[in-house]
Amino acid sequence: MLAQHFYNWRAPSAPEKSILCVGLELENIAEWPSHCEAHTTPQEQQEAGRYVHIEDAARHLAGRALARRLLRAAFGQDSAAEFARSPYGKPFCPGVSADFSISHSGSMIWVALCRCAGVGIDVERIRPLPDAAELTSQLHPQEQKDLLSLPPAELQTAFYRCWTRKEAVIKAVGMGLSMPLQSFSVNTGPQESGWIASFTANPAQGTATMLDEGGQWTSRDIRTTDGYLCSVAAQSPCRDVVVCLAC
Ligand SMILES: CC(C)(COP(=O)(O)OP(=O)(O)OC[C@H]1O[C@@H](n2cnc3c(N)ncnc32)[C@H](O)[C@@H]1OP(=O)(O)O)[C@@H](O)C(=O)NCCC(=O)NCCS
């Protein structure tokens, strides 16, 4: 989407019991910061001003603007004035009973909104990853085993698939880098939904407890623009996932 079309774009409203996922591809990315002013706060614009590269500022502002537009479509124009951040850095909207998650990579922005549970979304642009085999040592042992059993030609895509799925879970929990990557595992194969596989008991970190208490999750991959992978996870079972790619 060109930045000048964003103002008149009609944001979809989140269905009550579903997870709404909206993607935005930023065309002419350097033009986005000025067109996001109507949907971002002075504080967000100040934060964006600290980025060295205009592309990073554009991604930050467009993500916040898209999240705000989805919240306002669901909860009214007066909502989502200012976002706060949790102690781990996850943005939330005080006074609104819904969770949202923002992700950006390359020229893609994705936002997930869920009224009934913590939600996380992650998009990654696929770039050459010559050290994919070495990076698997950071993952859960089962994920590492599954990935290293693949032919080299399939390893890179499978690694990114595993990565976006794990990031989606981490972002739904909201703990960021404080959540050990080995405390849970995802399936690394191409099945598009239900890919959360196991949680390792780790009371010291509290993560297993948090994941277990949530019972089952909803987890799904989202088909997006070629060259990107995207996944969403929410701490509530059997939710419909409504996907909208704005263009
Ligand atoms: C923020 C984090 C959760 C993800 O960052 P990322 O994938 O590099 O970047 P994304 O664009 O997907 O997400 C950034 C957005 O996440 C949101 N975010 C920040 N902290 C968050 C947290 N603790 N929980 C959920 N969302 C968070 C913010 O909205 C941020 O964008 P903004 O500051 O412009 O609003 C980061 O802590 C992280 O990278 N954690 C895991 C790292 C890792 O080892 N991953 C390997 C998985 S195999």
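A quick note: this is a predicted structure, and the numbers were derived from the prediction, not measured. (Residues numbered from 1 in each chain as written. Predicted model: local features only at pLDDT ≥ 70, side-chain atom pairs only at ≥ 80, totals over all residues. Heavy atoms only, no water.)

For any pair of aromatic rings, the description rests on two quantities: the centre-to-centre distance and the angle between the ring planes. Counting across every chain of the model gives four aromatic pairs. Taken together, F6, W9 and W32 form an aromatic cluster joined through their ring pairs. The ring of F6 is capped by R69, whose NZ or CZ atom sits 5.0 Å from the centre of that ring. (Phe/Tyr/Trp six-rings, centres within 6.5 Å; stacked < 30°, edge-to-face > 60°. Lys NZ or Arg CZ within 6 Å of the ring centre and 35° of its normal.)

Moving on to the site of the ligand. Around the ligand, 20 residues are found, and the nearest of them are H60, R64, S103, H104 and K171. With respect to the ligand, the side chain of H60 contributes an N or O atom lying 2.6 Å from an oxygen atom. H104 has a polar side-chain atom sitting 2.8 Å from an oxygen atom of the ligand. For the ligand, the protein covers 82% of the area, taking 910 Å² as the surface of the free molecule. Most atoms of the ligand, that is more than half of them, are within 2 Å of grid points of the largest pocket. Contributions of two or more residues to the shell around the ligand are made by α4 (54–75), β4 (99–105), β6 (119–125) and α7 (152–173). Grouping the constituent residues of the shell around the ligand by class yields seven nonpolar, six polar and seven charged. (Near = heavy atom within 4 Å. Polar contact = N/O pair within 3.5 Å; in protein donor to acceptor, adjacent residues only side chain to side chain. Areas by Shrake-Rupley, 256 points an atom, 1.4 Å probe, with all protein chains shown as cover. 1 Å grid on protein atoms, 1.4 Å probe; cavity = no way out; pocket = protein on both sides within 12 Å on 5 of 7 lines; lining within 4 Å. Sits in = over half its atoms within 2 Å of the grid points. Helix = DSSP H or I, 4+ residues; strand = E, 2+ residues; numbered from the N terminus. Nonpolar A, V, L, I, M, F, W, Y, C, P; charged D, E, K, R; others polar.)

With that settled, the discussion passes to the environment of D240. Relative to the elements of secondary structure, D240 occurs in strand β11 (residues 240–246). On the accessibility criterion, D240 (53% relative accessible area) is exposed. Each C-alpha atom of the pair D240 and K17 lies 7.4 Å from the other, and the pair is 223 residues apart in sequence. (Buried < 20%, exposed > 50% of the residue type's maximum accessible area, 1.4 Å probe, protein only.)

Of the voids in this model, the largest pocket is the one considered here, and its volume is about 850 Å³. For the largest pocket, the lining is made up of 33 residues, of which I102, D122, E167, K171 and G176 are closest to its centre. The element contributing the most residues to the lining of the largest pocket is α7, with six residues. The computed volume of the second largest pocket comes to approximately 200 Å³. Considering the residues around the second largest pocket, the lining is formed by 13 residues, among which E192, D221, I222, R223 and L229 are closest to the centre. Listing elements by their share of the lining of the second largest pocket, those giving two or more residues are α7, β9 (218–222) and β10 (228–234). Ranked by the residues each element gives to the lining of the second largest pocket, the list is headed by β10, at four residues. Partitioning the lining of the second largest pocket into residue classes produces five nonpolar, three polar and five charged. (Points joined across faces, edges and corners; volume = space filled by probe spheres on them.)

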